[in-house]
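Here are the chains, one letter per residue:
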Amino acid sequence: MITLLFFAGLKEAIGDDQIKMPAVGMTLGEVKEKVWAEYSIEQVKSCMVAVNEEFAPEETTIQEGDTIAFIPPVSGG
Amino acid sequence: MITLLFFAGLKEAIGDDQIKMPAVGMTLGEVKEKVWAEYSIEQVKSCMVAVNEEFAPEETTIQEGDTIAFIPPVSGG
Amino acid sequence: MEKRCWITDQPLDIQIITEKVIRREAGAINTFIGTVREFTNGRKTLFLQYESYKEMAEKKLEQIATEIDQHWPEAVTVIAHRVGRLEISDIAVMIAVSTPHRSDSYEASRYAIERIKEIVPIWKKEHWEDGEEWIGDQKQTRPGIPLKGEIK
Amino acid sequence: MEKRCWITDQPLDIQIITEKVIRREAGAINTFIGTVREFTNGRKTLFLQYESYKEMAEKKLEQIATEIDQHWPEAVTVIAHRVGRLEISDIAVMIAVSTPHRSDSYEASRYAIERIKEIVPIWKKEHWEDGEEWIGDQKQTRPGIPLKGEIK
């Protein structure tokens, strides 16, 4: 199982700040597709994704225990 | 009579922070020449001069009561 | 070693943060303080809510400080960002950089705030009199997507 | 109205000076703090002595703040310079500028320190282990001569 984290507007749209799902062996892109298929939230596709607190490309293969964070466009500062 | 003010290295070279002298009607350039003639300090000629707290060109004519400050290259900040 | 970059829900202390970078080798300190502004494009903000992905945000701030170390080896950098509810004029972010000479302090400080707006997972929600909105979610105000080269 | 530019022989207070520019209209504050550096070109400074032509120096600082008002109409500027004997790490000068947006705060702050080094009658004497010298007196370190256009 892996953990998905959602923040800011995406968290509000999903209705939860985290969900668990089986995804070991999938790519990050596939995980995004799966979340998109389930929630139909436009931002899921466009936002950046981090694996274990580091931005990662869509080709990344998910490992057991990974934490995947969906990072909407940031607005700190 | 007018008042001449000296600062920093020039004050130390002149040995005083101010002197009074008659100079009404003279130009600022002439005052510099006069001070130079008396003290032979190279910096007198090269430094900027302010009349009544404002930088002034050498052609300025001195009025009674003016305060003339010799401003060595500044090094604040 | 004390942390040089952190996220907190407590008020940021200008004096304490600045003092962290004062040292005998430095002759210049530049600080940047981002505060909550009341009006943006004529619209009145009541307050802001900042949220972060704290662990990653602290790592990314630390990455920015490391980038500064590389570009300006003589710089000492501190960065703090506040989260939670912030009122008008409250300090959201503070950067302090000390360097031997002044140019570097300005450049490194500027670099830090620009990078914060690019790569650090912190979001703000504007609360107006007539609504609220997560900033950065709209295409026209999207500073948040790191360049490809920044993805490790 | 309270003075926004001043010369003092007392320590400069970072908190107080910064707070003078915090306001609801501003979202950005840049501060520059010049401190006494221990080493310059490998030579060890023991302490510095700053001297000013106080009345004129305050006028010139005020002139710089006015120039900033003209170039950056939304800026609020405070500048303070300390004189007398300063030890290593003591603050000699502090500039604080607040603006609605960050670019202006950096630019105006930088403008202020560059102008201070050009037109404000303040001098420093370096005291080294093996001597002392008024800085600015030597041709090679002479930032102090205003351009002709600056003479009114």
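Thresholds, definitions, all that
Residues numbered from 1 in each chain as written. Chains lettered and ligands numbered in written order. Predicted model: local features only at pLDDT ≥ 70, side-chain atom pairs only at ≥ 80, totals over all residues. Heavy atoms only, no water. Helix = DSSP H or I, 4+ residues; strand = E, 2+ residues; numbered from the N terminus. Buried < 20%, exposed > 50% of the residue type's maximum accessible area, 1.4 Å probe, protein only. Contact = heavy atoms within 4.5 Å. Areas by Shrake-Rupley, 256 points an atom, 1.4 Å probe, with all protein chains shown as cover. Salt bridge = Lys/Arg side-chain N within 4 Å of Asp/Glu carboxyl O. Pairing = 2+ DSSP bridges. Polar contact = N/O pair within 3.5 Å; in protein donor to acceptor, adjacent residues only side chain to side chain. pLDDT = per-residue confidence, 0-100. Buried area = accessible area lost by both parts, 1.4 Å probe. Nonpolar A, V, L, I, M, F, W, Y, C, P; charged D, E, K, R; others polar.

Asker: What exactly am I supposed to notice about the overall build of chain C here?
Answerer: Each helix and strand in chain C was counted, giving three helices and nine strands. Walking chain C from its N terminus toward its C terminus, one meets helices and strands in the order β-α-β-β-β-α-β-β-β-α-β-β. Taking all 152 residues of chain C together, 60% fall into the buried category. Put simply, of all contacts in chain C between residues at least 6 apart along the chain, 77% involve residues at least 24 apart. Accessible surface computed for chain C: about 6600 Å², of which carbon and sulfur atoms make up 50%.

Asker: What is the right way to look at the pattern of salt bridges in this model?
Answerer: Opposite charge on two side chains makes pairing possible when the charged atoms of those side chains draw close. Taken as a whole and judged by the stated rule, the model has 36 salt bridges over all chains. Linking B:K32 and B:E58 is a salt bridge whose minimum nitrogen-to-oxygen distance equals 2.9 Å. Here B:K32 is found in helix 2 (residues 28–39), whereas its partner B:E58 is found in the loop between strand 4 (54–55) and strand 5 (67–71), with 26 residues between them in sequence. Look at B:K32 and you get buried, because its relative accessible area is 7%. Between D:R4 and D:E62 there is a salt bridge, with the nearest N and O atoms lying 2.7 Å from each other. Of the two residues, D:R4 sits in the segment before strand 1 (5–8) while D:E62 sits in helix 2 (residues 54–71), which places them 58 residues apart along the sequence.

Asker: In this structure, what is going on with the pairing of strand 9 (residues 131–134) of chain C? I would like to understand it.
Answerer: Consecutive residues of a regular strand have side chains that alternate between opposite faces of the sheet. All names here are of chain C. Note: strand 8 (residues 122–128) against strand 9, four bridges, orientation antiparallel. Bridge pairing in strand 9 places W128 opposite G131. Hairpin geometry of strand 8 and strand 9 is characterised by an intervening segment of two residues between the two adjacent antiparallel strands.

Asker: Help me understand the side chain of B:T3, please; the structure alone is not making it clear to me.
Answerer: All names here are of chain B. By the element assignment, T3 lies in strand 1 (residues 2–6). Using a relative accessible area of 11% as the deciding quantity, one classes T3 as buried. A polar contact is formed between the side chain of T3 and the side chain of K20, at a distance of 3.0 Å. Every residue in contact with T3, bar those within four places of it in the chain, is listed here: Q18, I19, K20, D66, T67 and I68.

Asker: Honestly, the sheet that holds strand 1 of chain B in this entry has me stumped. Any pointers?
Answerer: Residue and element names in this part refer to chain B. Ordered by their spatial adjacency, five strands build an open sheet running 2-1-5-3-4, and the pairing between neighbours is mixed. This sheet does not close on itself; its edge strands, each paired only once, are strand 2 (18–21) and strand 4. Of the pairings in the sheet, the one linking strand 1 to strand 5 comprises four bridges and is parallel in character. Its bridge partner lying in strand 5, T3 is registered against T67.

Asker: Is there a simple way to explain the confidence of the model for chain C in this structure?
Answerer: Regions with low pLDDT should not have their predicted coordinates read in detail. Residues and elements named next belong to chain C. Per-chain confidence: chain C averages 91 in pLDDT, with 89% of residues scoring 70 or above. Segment residues 139–152: pLDDT under 50, and 29 contacts once partners within four positions in sequence are set aside and those in other chains are kept. Two numbers describe this predicted complex: its pTM, 0.92, and its ipTM, 0.93.

Asker: How should the interface of chain D and chain C be read in this particular structure?
Answerer: Note on interface size: it is often stated as the accessible area lost on association of the parts. Each partner contributes to the interface: chain D provides 34 residues, whereas chain C provides 34 residues. In this assembly, chain D packs against chain C so that about 3100 Å² is buried in total across both faces, 48% of it on carbon and sulfur atoms. Run the count over chain D and chain C and you get four salt bridges. Among the ionic pairs, C:R102 bridges to D:E114, the shortest N-O distance being 2.8 Å. One can count 25 residue pairs in polar contact (both at pLDDT 80 or more) joining chain D with chain C. Secondary structure elements with two or more residues in the side of chain D that touches chain C: helix 1 (14–19), strand 2 (28–35) and helix 3 (102–119) of chain D. With nine residues, the top contributor of residues to the side of chain D that touches chain C is helix 3 of chain D. For the side of chain D that touches chain C, the residue count by class is 12 nonpolar, 12 polar and 10 charged.

Asker: What is the right way to look at the arrangement of the chains in this model?
Answerer: Counting contacts across all three pairs of chains that touch, the top-ranked interface belongs to chains C and D. Taking C-alpha atoms as the reference, chain A and chain B come no closer than 29 Å and do not contact one another. Chain A shows no contact with chain D. Their nearest C-alpha atoms sit 10 Å apart.

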